[in-house]
Amino acid sequence: MKQLLIGLTCLLVSAILYGSALITAAIYSRMLGETDGLGWDSRYGIYGTAIRDAGAFPLVLAAFTAITGITLIVVSLRGNIQVDNN
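Quick notes on the rules
As a convention, each chain's residues are numbered from 1 in the sequence order in which they are written. In view of the model being predicted, local features appear only for residues whose pLDDT reaches at least 70, and side-chain atom pairs are presented and counted only at 80 or more, with totals across whole chains, interfaces and linings using the full set of residues. The side-chain numbers reported here are obtained from all heavy atoms of the structure, hydrogens and water having been left aside. Segments assigned H or I by DSSP are reported as helices when at least four residues long, segments assigned E as strands when at least two residues long, and all are numbered from the N terminus. For a helix, the expected span equals 1.5 Å multiplied by the residue count minus one. Note on classification: 1.4 Å probe, protein chains only; a residue is buried when its accessible area is under 20% of the maximum for its type, exposed when over 50%, partly exposed between these limits. Two N or O atoms count as a polar contact when they lie within 3.5 Å, although within protein this holds only if one can serve as hydrogen donor and the other as acceptor, and sequence-adjacent residues are included solely when both atoms are side-chain atoms. Residue contacts are counted whenever heavy atoms from the two residues lie within 4.5 Å of one another. Like charges within 9 Å and nonpolar side chains (Val, Leu, Ile, Met, Phe, Trp, Tyr) within 5 Å are joined into patches, using only residues over 30% in relative accessible area that form no salt bridge. For the accessible areas, the method is Shrake-Rupley and the probe is 1.4 Å, while residue cover comes only from the protein chains on display. When a carboxyl oxygen of Asp or Glu lies within 4 Å of a side-chain nitrogen of Lys or Arg, that pair is called a salt bridge.

K.L.:
I'd like a description of helix α1 (residues 2–33), backed by residues and values.
P.N.:
Owing to its 3.6 residues per turn, the α-helix aligns residues three or four sequence positions apart on the same side. Over its 32 residues, α1 runs 47 Å from end to end, which matches the ideal 46 Å to within 8%, given 1.5 Å per residue. Leu4, Gly7, Cys10, Ser14, Ala21, Ala25, Ser29 and Leu32 are the residues of α1 that are buried.

Written out as structure tokens, the structure is:
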């Protein structure tokens, strides 16, 4: 039961971290697109440039936390399944 709660907490933290990184990039992309803004790279587009400038670390950390949470949930649920060999 403890692994299940830790796994669910990891998934929640991952969702919050991922969402906040995307919101940050969305707000920053508005500043890039203004006429007096910082400018953006045409290869990535406005939003891709904002994601790249904001950094990949929050997205990688969110993915790692989600994988850890899913692993803990699967391990917990597999441990609760009992096979009856009668």
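Next comes the rest of the account.
K.L.:
Describe the side chain of Thr65, with residues and values.
P.N.:
Summarising the element assignment, Thr65 is placed in helix α3 (residues 57–80). With a relative accessible area of 14%, Thr65 lands in the buried category. A distance of 2.7 Å separates a polar side-chain atom of Thr65 from the backbone oxygen of Leu61. In this structure Thr65 touches Cys10, Val13 and Ser14, once residues within four positions along its chain are discounted.

K.L.:
Quick one: what's the story with a nonpolar patch on the surface, residue by residue and with numbers?
P.N.:
Residues Met1, Leu5 and Leu8 make up a contiguous nonpolar surface patch of roughly 340 Å² in combined accessible area. Note on placement: Leu8 falls in helix α1. Given the relative accessible area of 44%, Leu8 is considered partly exposed.

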